[in-house]
Amino acid sequence: MNKNRLLAAAAVFMLLPFTAFADECELVIEGTDQMSFDKKKMSVPASCETVKVTLKHTGSMAKDMMGHNWVLTKTDDMQAIVKEGAAAGLDNNYLPEGDDRIIAATEVIGGGETSEVEFSTEGLAGEKLTFFCSFPGHSGMMKGRFEVK
Ligand code: ZN
């Protein structure tokens, strides 16, 4: 019994350093039924070659009512993507198809769902970047600064 506990504790200690290292490049953000993200700012060190962002919708409303996605663009491109995304509709995750101004985007999800996206940080260090939800009417509330530094 005691020996097993010791082994379990040792295993946790061995895993911790790896977990902490990976965490720097893996971010989690939550969206709610109150049309909000739980973060206004996200950042990763430039040493991350790729970043993984996981979006969790912690509410219960359906995606056609209170859907959320997590989209990353240069701050200057955001308004155009929001406008063109609204016209593209839910079937296209409220994003213009194949638009290379979109650096990264998850699909639109509803309450209880999770979606993730992984992308390269190449060329992003020092850029002015904004993350937002492109569901029509949401980006005023649901946006924030994203930094690679
Ligand atoms: Zn939204």
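For the structure given in this document, a descriptive report is provided here. Just so it is clear, the structure is predicted and the values come from calculations on it, not from any experiment.

The rules behind these values
Residues numbered from 1 in each chain as written. Predicted model: local features only at pLDDT ≥ 70, side-chain atom pairs only at ≥ 80, totals over all residues. Heavy atoms only, no water. Pairing = 2+ DSSP bridges. Helix = DSSP H or I, 4+ residues; strand = E, 2+ residues; numbered from the N terminus. Contact = heavy atoms within 4.5 Å. Axes fitted to C-alpha atoms, helices over the stretch in contact; angles between N-to-C directions. Buried < 20%, exposed > 50% of the residue type's maximum accessible area, 1.4 Å probe, protein only. Polar contact = N/O pair within 3.5 Å; in protein donor to acceptor, adjacent residues only side chain to side chain. Phe/Tyr/Trp six-rings, centres within 6.5 Å; stacked < 30°, edge-to-face > 60°.

Considerations on the sheet that holds strand 5 (residues 104-105)
Then step 1. Here we have 5 strands laid out as an open sheet, ordered 2-8-7-4-5, and mixed in their pairing. Strands at the two margins of the open sheet, each flanked by one partner only, are strand 2 (41-44) and strand 5.
Then step 2. Bridge count for strand 4 (residues 71-74) against strand 5 is 2 bridges, and the pairing is antiparallel. What sits directly across from valine 71, in strand 5, is alanine 105.
Then step 3. Strands strand 4, strand 7 (129-132) and strand 8 (143-148) of the sheet are contacted by helix 3 (residues 78-88), whose axis makes an angle of about 30° with strand 7.

Focus on the environment of glutamate 118
Then step 1. Relative to the helices and strands, glutamate 118 resides in strand 6 (residues 114-120).
Then step 2. For glutamate 118, a relative accessible area of 53% puts it in the exposed group.
Then step 3. Between the C-alpha atoms of glutamate 118 and threonine 54, which are 64 residues apart in sequence, the distance is 8.7 Å.
Then step 4. Apart from residues lying up to four places away in sequence, glutamate 118 is in contact with Thr50, Val51 and Lys52.
Then step 5. There is a polar contact of 3.4 Å between the side chain of glutamate 118 and the side chain of threonine 50.

Topic: the packing of aromatic side chains
For any pair of aromatic rings, the description consists of the separation of the ring centres together with the inter-plane angle of the planes.
Then step 1. This model, assessed by the stated rule, comprises 6 aromatic pairs.
Then step 2. Where phenylalanine 119 meets phenylalanine 146, the ring centres are 6.1 Å apart and the plane angle is 55°; that geometry is what we call tilted. You can see phenylalanine 119 sitting in strand 6 and its partner phenylalanine 146 sitting in strand 8, a full 27 residues away along the chain.
Then step 3. The exposure class of phenylalanine 146 is buried, given its relative accessible area of 0%.
Then step 4. Pairwise contacts between aromatic rings join Phe37, Trp70, Phe119, Phe131 and Phe146 into one cluster.

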